[in-house]
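Read off the chains here:
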Amino acid sequence: MPTSSASTTDSAKSAATGGVQSLERAFDLLERMADAGGEVGLSELSASSGLPLPTIHRLMRTLVACGYVRQQPNRRYALGPRLIRLGESAARLLGTWARPYLARLVEETGETANMALLDGDEIVYVAQVPSKHSMRMFTEVGRRVLPHSTGVGKALLADFPAEEVRALLARTGMPAATEKTITTPDGFLAALEDVRRMGYAVDDNEQEIGVRCLAVSVPDSPTAAAISISGPAGRVTEAAQDKIIPVLQQVAQELSEALASSGNNGG
C-alpha cells in the first residue's frame, strides 16, 4: 500500500523522538538525584520534575538494570556505582581541557597553576601546569585534601549555604595543616564571606608554610571547579596579587565559556 512506507517512516520518527525524550528525562532524573544528595524517593522526583510516577518508575527501572541507579532496602533510589567510572573519566577530561588555560596562567603569572574539583567532601586536583621555577609544590594531580585549608576549597564553598558548609566541616573535621590553618567553623565562614566580598580566595600559609595560593571558582562550570596559582610567599605577595587576580578571573571566565560551548557542540 502506498501509505505503508510513510507510516513506517512516521513511526520510526516517533520512536526516535520518544527515545531522545526518554534519554533527556533519564539524565534529568540523575541530575535531580545528585542535587538531592544522591538518594531520593519516587514521589520526590515526581514533585521536582513534574513527570508522572509511572514514567519515572519506568525510567528508574531501566537505570537500575544498567547499574546507574540502585534501589535501597528502604525502597528509595540512590546513584549507582557505574556512574563513578564515568565521573572519573569526565574529571580527567576536564583537567585535559583546562591545561591550555592553566599554561596561560603560568605564562602570565610565573607561578604554578592548578585546577580542582569538589568531590563529595574533599577537594581533588585534576590538572596542574608547573611553574618554571624549581620548587616542589604540595599540590599534584590526583591529590585529595580537605577544603578548609586550601584556597580552592574556599573558592568552591563560598556560594554554599552556611548550614551546608557547617555540615561538611562536621563530617571532615578541621585538622591543622599548619599553625595558620583555620580550625573553627565560624572562622571558615568568615573567610568565605571575604571570598564573596573580594571575588577571590587566599590560602596564606594555611596548607603549607611558605606557600601562598590565590584561587577563583570557574563560573557556571558543569561541576563545581576552581583554578588557582600557588607559589612562595616571598613572590606571591599582596602587591603581586593585585596583578595576578585579574588574570585568574579572566582565565576562569574564558574556561567557563569554553566548557559551555563544548557542551553545545552536538546541538
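Refer to the preceding data block for the structure.
For clarity, every value in this text was computed on a predicted model and none was experimentally measured.

Account for the sheet that holds strand 1 (residues 39–40), with residues named and values stated.
Spatially, 1-3-2 is the arrangement adopted by the three strands of the open sheet, whose pairing is antiparallel. One side of each edge strand has no neighbouring strand; the edge strands of this open sheet are strand 1 and strand 2 (69–71). Two elements, strand 1 and strand 3 (residues 77–79), share two bridges in a ladder whose sense is antiparallel. From the neighbouring strand, Glu-39 faces strand 3, where its bridge partner is Ala-78. Packed on one face of the sheet, helix 3 (residues 53–66) meets strand 2 and strand 3 and runs near 105 degrees to strand 2.

An account of helix 7 (residues 185–198) is requested, with residue identities and associated values reported.
With 14 residues, helix 7 ought to run about 20 Å at 1.5 Å a step, and its terminal C-alpha atoms sit 20 Å apart, in line with that. Of the positions making up helix 7, those classed as buried are Phe-188, Leu-189, Ala-191, Leu-192 and Val-195. Projection of helix 7 onto a plane perpendicular to its axis shows the buried side chains occupying an angular sector of 155 degrees, all on one side. Exposed positions of helix 7 whose direction lies more than 90 degrees from the buried face are Asp-186 and Arg-197. Among the structural elements, helix 5 (151–157), helix 6 (162–172) and strand 7 (201–204) are those in contact with the buried residues of helix 7. Trailing helix 7 by a residue or two, Gly-199 shows a phi angle of about 90 degrees, which is positive.

The rules behind these values
Residues numbered from 1 in each chain as written. Predicted model: local features only at pLDDT ≥ 70, side-chain atom pairs only at ≥ 80, totals over all residues. Heavy atoms only, no water. Pairing = 2+ DSSP bridges. Helix = DSSP H or I, 4+ residues; strand = E, 2+ residues; numbered from the N terminus. Contact = heavy atoms within 4.5 Å. Axes fitted to C-alpha atoms, helices over the stretch in contact; angles between N-to-C directions. Expected span 1.5 Å × (residues − 1). Buried < 20%, exposed > 50% of the residue type's maximum accessible area, 1.4 Å probe, protein only. Arc of directions from axis to C-beta.

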